[in-house]
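What follows is the residue order along each chain.
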Amino acid sequence: MSETPTADLLVILRHGPHGTSWLREGLDAALVAAAFGREVSLLFMGEGVTALLPGQGPGALGQKGSSATLEMLEMYDIRTLLVEEQALADFGLQVDDMRLTVIPLSTTGVADALKDHRLILTF
Amino acid sequence: MLLHIVNRSPATSQVYRQALEGMGQDDRLLLIEDGVQGALPQLVRYYDGLQGRLFALKEDLASRGLLGRCDGEVQVVDVDGFVALTEEAERTVSWY
Amino acid sequence: MRYALLLMGAPYSHQASHSALRFAQAVVARGHRLEAVFFYHDGVQNAARLAAPPQDEPHLVDAWVSLHREHDVALQVCIAAALRRGLMDRREAERHGKSGHSLAAPFELTGLGQLVDLGLRCDRLVTFGP
């Protein structure tokens, strides 16, 4: 019944940029974990898929989005970017619309991803 | 087996869908805070297919006047039982 | 078992703080070791030294402090999330040229690395969100 997880940390991002600080604070946790040498995957669920749209800019008063942070993922060796297929469909988006290379996950794929990580943080 | 924890009502929030999507076949679901509304017979249908794996927190039901109104499919546990559920699960995932 | 909690809800706005405290007490009552509570996102407000709730309401900041005193539970606050929200200890207040500090002792400012470390080191990490 228990399968041993193979990766350290799964950060689930369920919010888009600008509206709240969830995306930024979730990404911060992922970057710090990666900087400490942990193997980190990101899972974009629900509204979180909009974080991966190209063409984002600053918000009111020059509010920084999370665009620059997303560009840094590769530098931090965070390469496993998972995306909930259902969320793409809900927002009328395709994998090709995403600005980074992502792996689309079916419903069972999401459950498997959770099983495969020693620690799960939801944002 | 993972324990998923939901604190939002399925009547007002889509969070329950994310929790269901994250659930494996043996995983359990615990409803806390406003999430316990999902234990009502009219709302428990959102959790179809979780028979035997669906729990609701007694203290949060009681404080909302919902303790006697749960669907029979839902297992009511107190906070001590909440800790026991986290002991039995390998990990917990919170959906809020 | 070794437990850690992650609290991301602000006190008095959401039930999360009450839920986390109640759970913390139950964890200890069942004989587990609760190593730390990590405060992130709006959860950092739980460390507000100047919180003054009405007397007939539970004083959450004091309740966390009691948990620390009675069961040696570390109260770790994410420094980046705290500073943005105006929560700082004496040292940070001096560094930023502020006239007073706002973080209650024994809450301690720390980095997100601590959260990851706790999550991977403890047997269970339970998150309480807003």
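Chain C appears in an unreviewed UniProt entry as tRNA 2-thiouridine synthesizing protein D from Halomonas cerina. Regarding chain C, the UniProt comment filed under Subcellular location (unreviewed entry) reads as follows: "Cytoplasm". The UniProt entry for chain C carries the following text under Sequence similarities (unreviewed entry): "Belongs to the DsrE/TusD family."

You'll find chain A entered in an unreviewed UniProt entry as tRNA 2-thiouridine synthesizing protein C, with Halomonas cerina given as the organism.

In this section: the interface of chain C and chain A. Contacts between the two partners involve 16 residues from chain C and, on the opposite side, 17 residues from chain A. In this assembly, chain C packs against chain A so that about 1400 Å² is buried in total across both faces, 69% of it on carbon and sulfur atoms. Among the residues of chain C in contact with chain A, H41(C), V116(C) and L120(C) are the three that bury the most area, contributing 38% of the side total. Of all elements in the fold, only α3 (79–84) and α5 (112–121) of chain C reach the threshold of two or more residues within the side of chain C that touches chain A. Counting residues per element, the side of chain C that touches chain A draws most heavily on α5(C), which supplies seven residues. Each residue belonging to the side of chain C that touches chain A can be placed in one class, and the counts come to 10 nonpolar, three polar and three charged.

Cis geometry is adopted by the peptide bond preceding P106(C), which originates at A105(C) and carries an omega value of 5°. At D77(A), a position not held by glycine, the phi torsion is positive, near 65°. Tracing the backbone through its elements, the reader meets D77(A) in the loop between α2 (67–72) and β3 (80–84). Of note in this structure, Y12(C) is not a glycine but carries a positive phi near 70°. Looking at the element boundaries, Y12(C) is found in the loop between β1 (2–7) and α1 (16–29). Overall, Y12(C) belongs to the partly exposed group, its relative accessible area being 34%.

In this model helix α1 (residues 22–35) of chain A runs 20 Å from its N-terminal to its C-terminal C-alpha over 14 residues, within 8% of the 20 Å that 1.5 Å per residue would give. A large share of α1(A) lies buried, amounting to 10 of its 14 residues. Among all positions in α1(A), only W22(A), L23(A), E25(A), G26(A), L27(A), A29(A), A30(A), L31(A), A33(A) and A34(A) are buried. Looking at the buried positions of α1(A), the neighbouring elements they touch are β1 (7–13), β2 (40–44) and α2 of chain A together with α3 and α5 of chain C. Once α1(A) finishes, G37(A) follows within two positions and takes phi at roughly 85°, a positive value.

Turning to the sheet that holds strand β5 (residues 117–122) of chain A, a few remarks are in order. All names here are of chain A. On the basis of which strands lie adjacent, the open sheet formed by five strands has the order β4-β3-β2-β1-β5 and parallel pairing. The open sheet has two edge strands with one neighbour each: β4 (103–105) and β5. Each strand axis lies, on average, 25° off the axis of its neighbour in the sheet, ignoring direction. Bridge count for β2 against β3 is four bridges, and the pairing is parallel.

On to the interface of chain B and chain A. Taken residue by residue, the interface counts 18 residues in chain B and 24 residues in chain A. Surface buried jointly by chain B and chain A totals about 1600 Å² across both partners, of which 52% is contributed by carbon and sulfur atoms. Considering only the side of chain B, the residues that lose the most area to chain A are E21(B), R91(B) and Y96(B), jointly responsible for 42% of the buried surface there. On the surface where chain B and chain A come into contact, there are two salt bridges. Of the charged contacts in the structure, one is a salt bridge between D90(A) and R17(B), with a shortest N-O distance of 3.1 Å. Summed over the shared surface of chain B and chain A, the number is eight residue pairs in polar contact (both at pLDDT 80 or more). Counting residues per element, the ones that place at least two in the side of chain B that touches chain A are β1 (2–6), α1 (15–22) and β5 (91–95) of chain B. With five residues, α1(B) is the largest single contributor of residues to the side of chain B that touches chain A. For the side of chain B that touches chain A, the residue count by class is seven nonpolar, five polar and six charged.

Turning to the environment of V15(B), a few remarks are in order. Tracing the sequence through the fold places V15(B) in helix α1. For the pair V15(B) and M1(B), spaced 14 residues apart in sequence, the C-alpha separation works out to 20 Å. Beyond its immediate stretch of four places on either side in the chain, V15(B) contacts R14(A), R8(B), W95(B) and Y96(B).

Reading the values: the criteria
- Residues numbered from 1 in each chain as written.
- Chains lettered and ligands numbered in written order.
- Predicted model: local features only at pLDDT ≥ 70, side-chain atom pairs only at ≥ 80, totals over all residues.
- Heavy atoms only, no water.
- UniProt positions renumbered as here; feature names shortened; annotations may be inferred.
- Contact = heavy atoms within 4.5 Å.
- Buried area = accessible area lost by both parts, 1.4 Å probe.
- Helix = DSSP H or I, 4+ residues; strand = E, 2+ residues; numbered from the N terminus.
- Nonpolar A, V, L, I, M, F, W, Y, C, P; charged D, E, K, R; others polar.
- Buried < 20%, exposed > 50% of the residue type's maximum accessible area, 1.4 Å probe, protein only.
- Expected span 1.5 Å × (residues − 1).
- Pairing = 2+ DSSP bridges.
- Axes fitted to C-alpha atoms, helices over the stretch in contact; angles between N-to-C directions.
- Salt bridge = Lys/Arg side-chain N within 4 Å of Asp/Glu carboxyl O.
- Polar contact = N/O pair within 3.5 Å; in protein donor to acceptor, adjacent residues only side chain to side chain.

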